[in-house]
Amino acid sequence: MESLGRRKFLTSAVLGSATAVVGATALGSLAPETAFAQEDNWMLEPDAIDPDFAEGRITGIKGTMLMVTGSDRTFHRILLTSGTSVWKLRNTTFDEAEVGDGLYARGARMPDGVLAADAVWLNIVNLQTHIVAINRDVLHLDHHGHRIVGHVVTGTTAAVYNGTPAISDLSLLQVGKHAQVIGAWRPDTNEVDIATVYAAAA
Amino acid sequence: MDVLVAAVLLWAAVFKLRGGAQRSALAKIVGKHRVTTVFRIIGGVEVALAAGLLLAGPVGAWAAFAWFLGLFGYLLWARVAEPESSCGCLADKYAPVGVRALARAAVLAAMAVTAELVPWFAAVPGAVVIVLLSAELDGYWLVPLRRLKVRLQHPLGSTEFHIPVASTVQQLHKSQVYQSAYPLLRSDVLDTWDEGEWRILTYSAERDGERATAVFAVPRERYEPDSIRFALT
């Protein structure tokens, strides 16, 4: 967590007086075309390895440097800074990273091979499942014939029904129905903590 | 009892003669293009076994016993060699080979040879056991049972109401402010906290090569993407 002082400062920056509006327009046009205008600096061959992306499992942590072994055995060094967003079930901080966690990281590759991460997602999984059973704070899921235990985390787990905005109410989930689950895998188990579940409500 | 075993065999045969060899582990032994033919042959054998069981006395019973033992062995192999495959035993419905399918093959083998030794009404619990062990039939009794349980208990209904951060992020993504600021953003959500009616989300950003923090204030309990505020510090 950032310090309370920093939060206070940022809050006043965005909510205090007219600075917010000035800040937004100072960027130039608010039209979406501006957003797409910058797309062409993203130049990669279709089959090239994206140098600014890394994937793997954490094999060591030294200070704010993560040692990561990719699933193709590539070794990555990933540097986290105060500007790196860390996701582990929810947006969190660097201290929650543990050896053994799966990881996706995006950032900028430094000349010495270190990936200075902008964003890191720990243990994130995206599963197409069927709900097999529902118990207290647990969804039993079938993922292509494999049983997965999905834990509901009060205060974090959200549900999106029929593409409407996410809500905390999970009571519309039904046994036997399809559900897409975004969650955080518990390493080396068949269990996930559920961040968001997408389902159709009858 | 032998009537029950014969009925299961016929049921399996009817399903197999109608086709439906998708995802069966058999494809690995006989090749994908021959699977349907092999399935038909197996179906025919099962009809013959059912008839033999009812008409040929002990010979038929021991033939069925050998058949189920073979099935047990095949399932054991399929479980190891093709864990993704379906049993393909009794129905088209996808049912991976599990302990239940193995137990069913063993129970059927035992039933085939002990039919003479147990009274006829032992077929009733026998049939129940077969149904319980058939993953293909779960849709008829297990799923409705679990639905009923969920309806009565509401295991997930009691959680207190709050606005998930995911919902706020969705609203933010819909806003024009976010879409125009998007090229500056470098990270995912960095931090979030609530400030009265607002929920504040921060991202790290980059402007003219310099690091900055993008701060968004999103209405927490209303859906008003147009009133989202933004600052870059």
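In the block above lies the structure referred to throughout.
None of the values given here were measured: they were computed from a predicted structure. Throughout, residues of each chain are indexed from 1 in the direction in which the sequence is written. Labels follow written order: the first chain is A, the first ligand is 1, and so on. pLDDT decides what is reported in this predicted model: residues at 70 or higher carry local features, side-chain atom pairs at 80 or more are listed and counted, and totals for whole chains, interfaces and linings draw on all residues regardless. Excluding hydrogens and water, the side-chain values take into account all heavy atoms of the structure.

Some words on the overall build of chain A
Each helix corresponds to a stretch of at least 4 residues labelled H or I by DSSP, and each strand to a stretch of at least 2 residues labelled E; elements are numbered beginning at the N terminus. Across its full length, chain A holds three helices and 13 strands. Counting over 202 residues, chain A shows a buried share of 43%. For chain A, the share of sequence-separated contacts (at least 6 apart) that also reach a separation of at least 24 residues comes to 52%. In short, Shrake-Rupley with a 1.4 Å probe defines the accessible areas, and a residue's cover is counted only from the protein chains shown. Summed over all atoms, the accessible surface of chain A reaches about 10,400 Å², with 59% contributed by carbon and sulfur. Each residue gets one of three labels from its accessible area relative to the maximum for its type: buried under 20%, exposed over 50%, partly exposed in between, using a 1.4 Å probe on protein chains only. Working rule for contacts: check all heavy atoms of both residues, and any pair within 4.5 Å makes them a contact.

Overview of the overall build of chain B
Looking only at helices and strands, one finds nine helices and four strands in chain B. Sequence-ordered secondary structure for chain B, helices as α and strands as β, is α-α-α-α-α-α-α-α-α-β-β-β-β. By residue count, 45% of the 233 residues in chain B fall in the buried class. Counting only carbon and sulfur atoms, one obtains 63% of the accessible surface of chain B, whose full area is about 11,900 Å².

Comments concerning the sheet that holds strand β1 (residues 191-195) of chain B
Residues and elements named next belong to chain B. Any two strands between which DSSP finds at least two bridges are classified as paired. With respect to topology, four strands assemble into an open sheet ordered β1-β2-β3-β4, the strand pairing being antiparallel. The two strands at the open ends of the sheet, each matched to only one other strand, are β1 and β4 (229-232). Each strand axis lies, on average, 25° off the axis of its neighbour in the sheet, ignoring direction. As judged from the 10 bridges shared by strand β2 (residues 198-207) and strand β3 (residues 210-219), these two strands associate in the antiparallel manner. Bridging across to β3, Trp198 finds its partner in Pro219. Under this scheme, a helix contributes an axis fitted over its contacting stretch, all axes are lines through C-alpha atoms, and angles between N-to-C directions fall in the 0 to 180 degree range. Helix α8 (residues 165-174) contacts β1, β2 and β3 of the sheet and is inclined by roughly 55° relative to β2.

Re the environment of B:Lys16
All names here are of chain B. Its location among the elements puts Lys16 in helix α1 (residues 2-17). Relative accessible area serves as the criterion here: at 6%, Lys16 is assigned to the buried category. The spatial distance from the C-alpha of Lys16 to the C-alpha of Val38 is 9.4 Å, given a sequence separation of 22 residues.

Re the pattern of salt bridges
Within this document, salt bridges are pairs made up of a side-chain nitrogen of Lys or Arg and a carboxyl oxygen of Asp or Glu, the two lying within 4 Å of each other. The full count for this structure, using the stated rule, is 15 salt bridges over all chains. A salt bridge links A:Arg57 to A:Asp188; the shortest N-O distance between them is 3.2 Å. Here A:Asp188 lies in the loop between β12 (178-185) and β13 (191-199) and A:Arg57 lies in strand β1 (residues 53-62), a separation of 131 residues in the sequence. Looking at A:Asp188, the relative accessible area reads 60%, which means it is exposed. Ionic pairing is found between B:Glu197 and B:Arg222, a salt bridge with its closest N-O pair at 2.9 Å.

A short note on a nonpolar patch on the surface
Patch construction takes residues with relative accessible area above 30% that form no salt bridge. Like charges are linked within 9 Å, and nonpolar side chains (Val, Leu, Ile, Met, Phe, Trp, Tyr) are linked within 5 Å. The grouping of B:Val3, B:Leu54 and B:Leu55 at the surface amounts to a nonpolar patch, some 340 Å² of accessible area in total. By the secondary structure assignment, B:Leu55 is in helix α3 (residues 35-55).

Remarks on the pairing of β3(B)
Residue and element names in this part refer to chain B. Burial runs high along β3: eight of the 10 residues are buried. Turn length for the β2-β3 hairpin, with the two strands adjacent in sequence and antiparallel, is two residues, and the turn residue Asp208 shows positive phi of about 50°. One ladder, built from four bridges, connects β3 with β4; its direction is antiparallel. Residue Phe216 lies in a different strand from β4, and its bridge partner there is Phe230.

Quick look at the interface of chain A and chain B
Every contact between the two is made by 59 residues of chain A and, on the other side, 52 residues of chain B. Buried area adds together the accessible area that both of two parts lose upon being put together, with accessible area traced by a 1.4 Å probe. Summed over both partners, the interface of chain A with chain B buries about 4,600 Å², with 59% contributed by carbon and sulfur atoms. At the junction of chain A with chain B, the criterion picks out three salt bridges. Between A:Arg7 and B:Asp191 there is a salt bridge, and its shortest N-O distance comes to 3.0 Å. What qualifies as a polar contact is a pair of N or O atoms within 3.5 Å, subject to a donor-acceptor requirement within protein and to the restriction that residues adjacent in sequence count only when both atoms come from side chains. Counting across the interface, chain A meets chain B through 16 residue pairs in polar contact (both at pLDDT 80 or more). Among the elements that take part in the side of chain A that touches chain B, helix α1 (residues 4-15) of chain A stands out by supplying eight residues, more than any other.

Quick look at α1(A)
To estimate the expected span of a helix, subtract one from its residue number and multiply by 1.5 Å. In this model, α1(A) (12 residues) spans 16 Å end to end at C-alpha, consistent with the 16 Å of a helix rising 1.5 Å per residue. The complete set of buried residues in α1(A) reads A:Arg7, A:Leu10, A:Thr11, A:Ala13, A:Val14 and A:Leu15.

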